[in-house]
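For reference, the chains in residue letters:
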2 protein chains.
Amino acid sequence: MRPPRHAANLDDMPRLLIADDHPLFRAALHQAALAALDDGSIGEACDLPGTLDALGAEPDTDLVLLDLHMPGSRGLSGLATLRGQFPAVAVMVVSAHDEPRVVRRVLDHGAAGFISKSASPGEITSAIRTVLDCGEWVPPHLGESVAALPSDPNDSDLAARLSRLTAQQYRVLGLLAEGLLNKQIADRLAIQERTVKAHVTAIFEKLGVRNRTQASMLLRTLDLADPARVD
Amino acid sequence: MRPPRHAANLDDMPRLLIADDHPLFRAALHQAALAALDDGSIGEACDLPGTLDALGAEPDTDLVLLDLHMPGSRGLSGLATLRGQFPAVAVMVVSAHDEPRVVRRVLDHGAAGFISKSASPGEITSAIRTVLDCGEWVPPHLGESVAALPSDPNDSDLAARLSRLTAQQYRVLGLLAEGLLNKQIADRLAIQERTVKAHVTAIFEKLGVRNRTQASMLLRTLDLADPARVD
DNA sequence: GGACGCATCGGACTTTCGTCCCATGGCCGG
DNA sequence: CCGGCCATGGGACGAAAGTCCGATGCGTCC
């Protein structure tokens, strides 16, 4: 399920990327990361497209600290996108939703760890060190509950399917799930409708669905709603 | 937003319906309801279709005690269905999700009250009395937090739109949101595809969407997921 | 260099979707 | 008893979706 994270960057110069839409929290993560690294570089992004761009520019990034709730991503969709498009990059999810089942799902979707937003700087530093060392990190106070939770087979299955999508296919899927027509998707991506159709067909085949409604439903199961989102 | 609940049954013989898939809890609710009624009848149902059937058979029911999580309904969809098809019947939601934002959404979708599954029998009895008296009931310990929460305009809007759907249209919408073709929906409902198309067009018009993918997305916002459903 | 995956398109085609007319019959409330 | 809403269908139609054949480049990996 969780593909091996090979160190894209073998020397002792770890590359980190901090992806969070809250500047203050970004700074706090930055401090904790500095304490965890002897040396290395730390980038920042404030939304999902920015994160993808940064990874595209630095493909040998070792670790992304990812907030689940950012512009362009709610729930697990951002994580799924990153894991699908950059399977070699480890992702540690940072979230205020520190409930065992959320952590369980996050891990099942390929995250290398989970940091609660209420964690102390020291804990965050430990978490980063652990994950950079190819370990897995779960908040100590949640460890047992998470281990006790079974993986949802639907989740593992979904993660496996989504990971087969290419980057472009993932973009098409996202637009498709907003109810856009093929023609509109084509305009957004600056390609021809025929090409969109080709992608859509490939998406259906990989996800094992037969039409766009089913595909968008599948994507929706990635939503990790606050039980009552007010946004 | 919340249409007036006129007492369909003006004499002192209140009719209740308990809808919960857990027999034990159904019995507990039954006891609490008996304590709240001097006289009256109490029916039971264990899934959403059963609830709808029971209401169809007893349209002058006064109050339904509705579990949010039942076969055929997850999240707010069951509530929306009931409110849409039987606007004259008061619904009190019974759920373990006793978080303020859940309660807020439940009320915005037309519920007359909310009972936490951890409430005492006495509290449940009070709640039933209050609602039967055309009042609104929120657990005392949540009252302030719920009142402080703003109604999500999306929710009010969605509730208003969904309430305009007819019973049959609601069924069609449900099947449509599962990714079924018009032809398949027709088979399920034992009607012609043309008729399904007529319903679908009406649904789009009432919901203000332009295709089935958008319609199914709209319906999906009714999901009140446990943050990480394991089902 | 060659195999492979990917993105990009093209044509032609069938199916499904969605809309526009229209009509019928039932049921309910004024 | 009648006007209105509803569910049910019919015919025809354009638009969109989805599939099947094909092709061209562009990278990467071995």
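Cut-offs and rules
- Residues numbered from 1 in each chain as written.
- Chains lettered and ligands numbered in written order.
- Predicted model: local features only at pLDDT ≥ 70, side-chain atom pairs only at ≥ 80, totals over all residues.
- Heavy atoms only, no water.
- Helix = DSSP H or I, 4+ residues; strand = E, 2+ residues; numbered from the N terminus.
- Buried < 20%, exposed > 50% of the residue type's maximum accessible area, 1.4 Å probe, protein only.
- Polar contact = N/O pair within 3.5 Å; in protein donor to acceptor, adjacent residues only side chain to side chain.
- Contact = heavy atoms within 4.5 Å.
- Near = heavy atom within 4 Å.
- Nonpolar A, V, L, I, M, F, W, Y, C, P; charged D, E, K, R; others polar.
- Pairing = 2+ DSSP bridges.
- Axes fitted to C-alpha atoms, helices over the stretch in contact; angles between N-to-C directions.
- Salt bridge = Lys/Arg side-chain N within 4 Å of Asp/Glu carboxyl O.
- Right-handed = clockwise from strand over helix to strand, strands pointing away.
- pLDDT = per-residue confidence, 0-100.

Draft legend 1. Quick peek at the side chain of Asn-182 of chain B. Residue and element names in this part refer to chain B. Residue position: Asn-182 is located in helix H9 (residues 182-189). Taking the relative accessible area as the measure of exposure, Asn-182 reaches 16% and is therefore buried. A polar contact is formed between the side chain of Asn-182 and the side chain of Arg-212, at a distance of 2.3 Å. For Asn-182, the residues in contact, after removing those within four places along its chain, are Glu-193, Val-196, Lys-197, Val-200 and Arg-212.

Draft legend 2. Representation of the protein's contact with DNA strand C in the model. Around DNA strand C, the structure places 16 residues, and the nearest of them are Thr-166, Gln-168, Gln-192 and His-199 of chain A together with Arg-212 of chain B. Within 4 Å of the protein, the contacting atoms of DNA strand C are 72% sugar and phosphate, with bases supplying the remainder. In the model, a phosphate oxygen of DNA strand C is placed 3.1 Å from a nitrogen or oxygen of the Asn-182 of chain B main chain. In this structure, a phosphate oxygen belonging to DNA strand C sits 3.0 Å away from a side-chain N or O atom of Thr-201 of chain B. The set of elements that each furnish at least two residues to the surface near DNA strand C consists of helix H8 (167-176) and helix H10 (193-207) of chain A together with helix H10 (193-207) of chain B. With four residues, the top contributor of residues to the surface near DNA strand C is H10 of chain B.

Draft legend 3. Structural context of the protein's contact with DNA strand D. Of all residues adjacent to DNA strand D, which total 15 residues, the nearest are Arg-212 of chain A together with Thr-166, Gln-168, Thr-195 and His-199 of chain B. Among all atoms of DNA strand D positioned within 4 Å of the protein, those belonging to sugar or phosphate total 71%. At a separation of 3.1 Å, a phosphate oxygen of DNA strand D approaches a polar backbone atom of Asn-182 of chain A. Interatomic distance of 2.7 Å between a side-chain N/O atom of Arg-212 of chain A and a phosphate oxygen of DNA strand D. Elements represented by at least two residues in the surface near DNA strand D include exactly H10 of chain A together with helix H8 (167-176) and H10 of chain B. Each residue belonging to the surface near DNA strand D can be placed in one class, and the counts come to three nonpolar, nine polar and three charged.

Draft legend 4. A look at the sheet that holds strand S3 (residues 63-67) of chain A. Residues and elements named next belong to chain A. Here five strands make up an open sheet; going across it, the order is S2-S1-S3-S4-S5 and the pairing parallel. In this open sheet, the two strands that pair with only one neighbour each are strand S2 (41-45) and strand S5 (113-116). Each adjacent strand pair in this sheet contributes to an overall mean axis angle of 20°, direction not counted. Helix H2 (residues 48-57) contacts strand S1 (15-19), S2 and S3 of the sheet and is inclined by roughly 170° relative to S1.

Draft legend 5. The arrangement of the pattern of salt bridges in detail. All names here are of chain A. Summed over all chains, the structure comprises 16 salt bridges over all chains. Taking the shortest distance from any N to any O, the salt bridge between Asp-60 and Arg-15 comes out at 3.4 Å. Residue Asp-60 is located in the loop between H2 and S3, and its partner Arg-15 is located in strand S1; the two are separated by 45 residues in the primary sequence. Residue classification places Arg-15 among the partly exposed positions, given a relative accessible area of 23%. When the shortest N-O distance is used, the salt bridge between Asp-20 and Lys-117 registers 3.3 Å. Placement of the pair is Asp-20 in the loop between S1 and helix H1 (23-36) and Lys-117 in the loop between S5 and helix H5 (121-132), with a sequence separation of 97 residues. Note on Asp-20: relative accessible area 0%, which makes it buried. In this structure Lys-117 comes out as partly exposed when scored by relative accessible area, which is 25%. Within this structure, Asp-20, Asp-67 and Lys-117 form a network of salt bridges that share partners.

Draft legend 6. How the structure looks around the sheet that holds strand S3 (residues 63-67) of chain B. All names here are of chain B. Sheet architecture is open: five strands sit in the order S2-S1-S3-S4-S5, paired in parallel fashion. Each end of this open sheet is capped by a strand with a single partner; those strands are strand S2 (41-45) and strand S5 (113-116). Adjacent strand axes in the sheet meet at a mean angle of 20°, parallel and antiparallel pairs treated alike. In this structure, strand S4 (residues 90-95) lies alongside S5, joined through four bridges in parallel fashion. What sits directly across from Val-93, in S5, is Phe-114.

Draft legend 7. The pairing of S5 of chain A, seen in detail. Of the two faces of S5 of chain A, the one holding Gly-113 and Ile-115 of chain A and the one holding Phe-114 and Ser-116 of chain A are both buried throughout. Tracing the backbone out of strand S4 (residues 90-95) of chain A, into helix H4 (residues 100-108) of chain A and back to the parallel element S5 of chain A gives a crossover that is right-handed.

Draft legend 8. Structural context of the confidence of the model for chain A. Residues and elements named next belong to chain A. Mean pLDDT over chain A: 85, with 91% of residues reaching 70 or higher. Segment residues 1-10 is flagged for pLDDT under 50; beyond a separation of four residues in sequence, or across chains, it makes 25 contacts in the model. The low-confidence segment residues 227-231 (pLDDT under 50) makes 16 contacts with residues lying over four places distant or belonging to another chain.

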